[in-house]
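What follows is the residue order along each chain.
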Amino acid sequence: MEVKFCSSCGSPMETRDVDGTPRRACTACSFVHWGNYSIGVGALVERDGKILLVRRAQEPGKGYWTNPGGYAEQLEQIHETVRREVLEETGIEAAVTGVAALRDQPRVVHNLYVAFTMTYVGGEPVPDGVEVDAAGFYSLEELETMNVAPFTRWLVDVAMKRGGSAGLAVDEAPIVPLPGYGLFRC
């Protein structure tokens, strides 16, 4: 879909060369439409050798078992997004420990998905009854007989078979104060 009006001032947009790429740009102010992007997050919460999964009650993926997750809000750090989504979908409290995997999916809306490893803090899995209709902790053996989404199978493999790698870990004490940043490092 072509952007016709500026989201900053409401003036008409035109196609203009910006840094060697045709972009929609405002005819009246400096606004440039850089593209359509979304940031998704997913949780890999492990408890007693089992992974937290939910069964999707809505499309996309209705009926598939997936890891809990969702989309970042405009003013929300993504590590807060994943904590919120896990709590909303399952009632489980979990704390982010690191980044296990990334998925880059360029399409009409370019999606970047960040999968977080999380430590179980408390609660028992209870589905929200809207986005998910079932939730629980499952072993790798149990997953073999479940309708697990292919991407979730890959993520579970990443989470459960890390081979000692922690991935990118939360940087709790950066060398300089950076308030408002979500920082992860090797």
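Residues numbered from 1 in each chain as written. Predicted model: local features only at pLDDT ≥ 70, side-chain atom pairs only at ≥ 80, totals over all residues. Heavy atoms only, no water.

Our focus in this paragraph is the overall build of the protein chain. Check the secondary structure of the protein chain and you find 3 helices and 12 strands. Across the 186 residues of the protein chain, 36% fall into the buried class. Accessible surface, the protein chain: about 10,900 Å² in total, of which carbon and sulfur atoms supply 54%. When the 17 positive and 25 negative side-chain charges of the protein chain are each reduced to one mean point, those points stand 4 Å apart. (Helix = DSSP H or I, 4+ residues; strand = E, 2+ residues; numbered from the N terminus. Buried < 20%, exposed > 50% of the residue type's maximum accessible area, 1.4 Å probe, protein only. Areas by Shrake-Rupley, 256 points an atom, 1.4 Å probe, with all protein chains shown as cover. Lys, Arg positive; Asp, Glu negative; His and termini not counted. Charge placed at Lys NZ, Arg CZ, Asp CG, Glu CD.)

Let us now look at the packing of aromatic side chains. Here the structure, examined in full by the defined rule, presents 5 aromatic pairs. Here the aromatic rings of tyrosine 113 and phenylalanine 151 are separated by 5.2 Å at their centres, their planes lie at 80°, and the arrangement is edge-to-face. One end of the pair, tyrosine 113, is in strand S9 (residues 110–122); the other, phenylalanine 151, is in helix H3 (residues 150–160), and 38 residues separate them in sequence. The exposure class of tyrosine 113 is buried, given its relative accessible area of 12%. Centre to centre, the rings of tyrosine 120 and phenylalanine 137 are 5.8 Å apart; their planes meet at 85°, and the pair counts as edge-to-face. Taken together, the positions of tyrosine 120 in strand S9 and phenylalanine 137 in strand S10 (residues 132–138) put the pair 17 residues apart, joining distant regions of the chain. By relative accessible area, tyrosine 120 is classed as partly exposed at 24%. Among the aromatic residues, ring-to-ring pairing joins Tyr113, Phe151 and Trp154 into one connected group. Over the ring of tyrosine 120 we find arginine 47; its NZ or CZ atom is 4.9 Å from the centre of that ring. Directly above the ring of phenylalanine 151 sits arginine 103, whose terminal nitrogen or CZ lies 4.6 Å from the centroid. (Phe/Tyr/Trp six-rings, centres within 6.5 Å; stacked < 30°, edge-to-face > 60°. Lys NZ or Arg CZ within 6 Å of the ring centre and 35° of its normal.)

Once that is clear, we can look at unusual backbone geometry. The amide bond that connects glutamate 59 to the next residue, proline 60, takes the cis arrangement and shows omega of 0°. Its identity as a non-glycine residue notwithstanding, aspartate 19 has a phi of 55°, on the positive side. In this fold, aspartate 19 is placed in the loop between strand S1 (13–18) and strand S2 (21–26). One non-glycine residue, aspartate 48, lies in positive phi territory at about 55°.

With that settled, the discussion passes to the pairing of S1. By the bridge criterion, 6 bridges tie S1 to S2 in an arrangement that is antiparallel. When the sheet's bridge partners are listed, aspartate 17 is paired in S2 with proline 22. Connecting S1 to the next strand, S2, in antiparallel fashion are 2 residues, including aspartate 19 with a positive phi near 55°. (Pairing = 2+ DSSP bridges.)

Before going further, it helps to examine the side chain of arginine 56. By the element assignment, arginine 56 lies in strand S5 (residues 50–56). Buried within the structure, arginine 56 lacks any salt-bridge partner; its nearest side chain of opposite charge belongs to glutamate 131, at an N-O separation of 4.0 Å. (Salt bridge = Lys/Arg side-chain N within 4 Å of Asp/Glu carboxyl O.)

Strand order in this open sheet of 3 strands is S1-S2-S3, and the pairing throughout is antiparallel. Either end of the sheet is taken by a strand with one partner, and the two such strands are S1 and strand S3 (32–33). Pairing between S2 and S3: 2 bridges, direction antiparallel. In the sheet register, arginine 24 faces S3, and the bridge partner there is histidine 33.

Scanning the model with the defined rule gives 9 salt bridges in all. As a salt-bridge pair, arginine 55 and aspartate 133 come within 2.8 Å of each other at their nearest N and O atoms. One end of the pair, arginine 55, is in strand S5; the other, aspartate 133, is in strand S10, with 78 residues separating them in the sequence. In this structure, the salt-bridge partner of arginine 84 is glutamate 88, at a minimum N-O distance of 3.3 Å. With arginine 84 and glutamate 88 both in helix H1 (residues 78–90) and 4 residues apart, the pair spans about one turn of that helix. When its relative accessible area of 41% is taken as the criterion, glutamate 88 is described as partly exposed. In the salt-bridge network here, residues are joined through shared partners; they are Glu76, Arg84, Glu85 and Glu88.

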